[in-house]
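Structure assessment
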Amino acid sequence: MRKNVLLLETVADEAFTVLQDNVNVFTGYDEASLKNVLNNEDIHAIITRGKGLINKPLIDTCPHLQVVARCGVGLDNVDVAAATARKIMVINAPGSNAATIAEHTLGLMLMLMRNMYESVFQVKQNNWDWRNQYAGDELNGKTLGILGMGNIGKRVARLGEAFGMEVLYWSKSTRDQPYKYLAMEEVLQQSDVVSLHLPFNSETDKIIGEKQLRLMKPGSLLINTARGALIDHPALLQALNAGTISSYAADVLPDEPPVESLGIVHHPRAIVTPHSGSLTSATYRQICLLTINNVVAALTGKQPDLNSIYNRNALALINN
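A few points on the structure. Please read all numbers here as calculations on a predicted model, not as lab measurements.

1. Observations regarding the sheet that holds strand β7 (residues 166–170)
Sheet architecture is open: seven strands sit in the order β8-β7-β6-β9-β10-β11-β12, paired in parallel fashion. Each of the sheet's edge strands pairs with one partner strand only, and the pair in question is β8 (180–181) and β12 (270–272). Relative to strand β10 (residues 221–224), strand β9 (residues 193–196) runs parallel, the two sharing four bridges. Bridge pairing in β10 places Ser 195 opposite Ile 223.

Written out as structure tokens, the structure is:
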């Protein structure tokens, strides 16, 4: 019997075809369609991307649920604990966005350091003479501080090194890396550019606040392509207004689309992209195909890639 899969968001066309070839596919892209599916179908797997919530009420509505999955890395919108308690497999795509997020990070870094955004804007305003007041610098010779040396952090470190930067880092635990490990406070104090690559959890919530921002070098840059809630945004706005740090660039905000964060979005020394770092055509396709293939494997009696099963250790303990 073919299993039933509920999509909370669209996926890449090739991945959607894989689903259609192997399972029955239902879509719940809005509240009405979701309610209709749940009232009429027995769901065995739920797949989301970045917005659709797989929370406990939704999980509890599906008594035969075997798999919940996110086409992506972070699982902020998936209640992993609720799924695990029901012995439901949680699938994601670890490491799949490392290259593209690292590229995006360096792009934001270059835009800030070289004042590219303002340069392009002024030329589009027919103000070629703005070059006479241009103020910018270069990455070469600067110190890059990385908070979080996971897959993305390591790639950013290598790219920074290729640009001639000295790399320092802090992570939850020391790792076998060719870069200098320091306490987080020391990384903040010594870096010209600080880039965040930490997961979001209770320990990292607002890990960058007023105290940490005051430790940063005058004129330093802060980059966040990880999670918006890693930073206390009122404190960040205050630091930008006071000139405690020079500039800020991000691909993530604590509220998306921004409402409370509009002060940061519109700040003249901030650049924010719309959480688009991993939406390149190549990575989007890769993330969707990787996740969908593992979901199909789990539903058809095959073995998914073990690294894709986020709660595999917890499930093993429960089953034993």
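Moving on, there is more to tell.
2. With respect to the packing of helix α5 (residues 98–113) against helix α7 (residues 151–162)
Where α5 contacts α7, the two axes come as close as 8 Å, and the packing angle between them is 50°. Classified by the angle between their axes, α5 and α7 sit oblique to one another. Remark: the crossing between α5 and α7 carries right-handed chirality. Contacts between α5 and α7 involve Ala 98, Ala 99, Ile 101, Ala 102, Glu 103, Thr 105, Leu 106 and Met 109 from the first element and Asn 151, Ile 152, Arg 155, Val 156 and Leu 159 from the second. Its residues placed into classes, the contact of α5 with α7 shows nine nonpolar, two polar and two charged.

3. What about the packing of aromatic side chains?
Applying the stated criterion to the full structure yields two aromatic pairs. Ring centres of Trp 130 and Tyr 134 lie 6.0 Å apart, and the angle between their planes is 75°; on these two criteria the pair is classed as edge-to-face. In this structure Trp 130 comes out as buried when scored by relative accessible area, which is 10%. For Tyr 134, a relative accessible area of 35% puts it in the partly exposed group. Ring geometry for Tyr 169 versus Tyr 181: centroids 5.3 Å apart, planes at 75°, classification edge-to-face. On the criterion of sequence distance, the pair formed by Tyr 169 in strand β7 and Tyr 181 in strand β8 is long-range, its members being 12 residues apart. With a relative accessible area of 33%, Tyr 181 lands in the partly exposed category.

4. Here we look at the pattern of salt bridges
Evaluation of the coordinates by the stated rule reveals eight salt bridges. Where Glu 14 meets Arg 285, a salt bridge forms, and the shortest distance between an N and an O atom there is 2.6 Å. Remark: Arg 285 occurs in helix α12 (residues 281–299) and Glu 14 occurs in helix α1 (residues 13–22); sequence separation between them is 271 residues. The partly exposed category is assigned to Glu 14, whose relative accessible area is 42%. The shortest N-O distance in the salt bridge between Arg 214 and Glu 210 comes to 3.1 Å. Linking Arg 214 with Glu 210, this pair stays in helix α9 (residues 210–215), spanning four residues, or about one helical turn.

5. Regarding the sheet that holds strand β4 (residues 67–70)
One open sheet accounts for five strands, arranged β2-β1-β3-β4-β5; its pairing is parallel. Strand pairing shows two members of the sheet lacking a second neighbour, β2 (24–27) and β5 (89–91), which therefore form its edges. Within the sheet, the average angular offset between the axes of one strand and its neighbour, ignoring direction, is 20°. Here β4 pairs with β5 via three bridges, running parallel. Residue pairing across strands places Val 68 opposite Val 90, the latter belonging to β5.

6. What to know about helix α10 (residues 233–242)
Every α-helix carries 3.6 residues per turn, so stepping three or four residues along brings you back to the same face. Listing the buried residues of α10 in full gives His 233, Ala 235, Leu 236, Ala 239 and Leu 240. Projected down its long axis, α10 carries its buried residues within an arc of 155°, all on one side. Exposed residues pointing more than 90 degrees away from the buried face of α10 are listed as Pro 234, Asn 241 and Ala 242. Residues of α10 that are buried in the fold lie against α9, β10, β11 (247–250), α11 (262–265) and β12.

7. What to know about the pairing of β9
Residues Val 193 and Ser 195 line one face of β9 and the alternating positions Val 194 and Leu 196 line the opposite face, and both faces are buried. As paired elements, strand β6 (residues 143–147) and β9 share four bridges and run parallel to each other. Following the sheet pairing, Gly 145 is matched in β9 by Val 194. This β-α-β element, β9 to α9 to β10, shows right-handed connectivity.

Basis of the calculations
- Residues numbered from 1 in each chain as written.
- Predicted model: local features only at pLDDT ≥ 70, side-chain atom pairs only at ≥ 80, totals over all residues.
- Heavy atoms only, no water.
- Pairing = 2+ DSSP bridges.
- Helix = DSSP H or I, 4+ residues; strand = E, 2+ residues; numbered from the N terminus.
- Axes fitted to C-alpha atoms, helices over the stretch in contact; angles between N-to-C directions.
- Parallel < 35°, antiparallel > 145°, perpendicular 65-115°, else oblique.
- Left-handed = near helix turned anticlockwise from the far one by under 90°.
- Contact = heavy atoms within 4.5 Å.
- Nonpolar A, V, L, I, M, F, W, Y, C, P; charged D, E, K, R; others polar.
- Phe/Tyr/Trp six-rings, centres within 6.5 Å; stacked < 30°, edge-to-face > 60°.
- Buried < 20%, exposed > 50% of the residue type's maximum accessible area, 1.4 Å probe, protein only.
- Salt bridge = Lys/Arg side-chain N within 4 Å of Asp/Glu carboxyl O.
- Arc of directions from axis to C-beta.
- Right-handed = clockwise from strand over helix to strand, strands pointing away.

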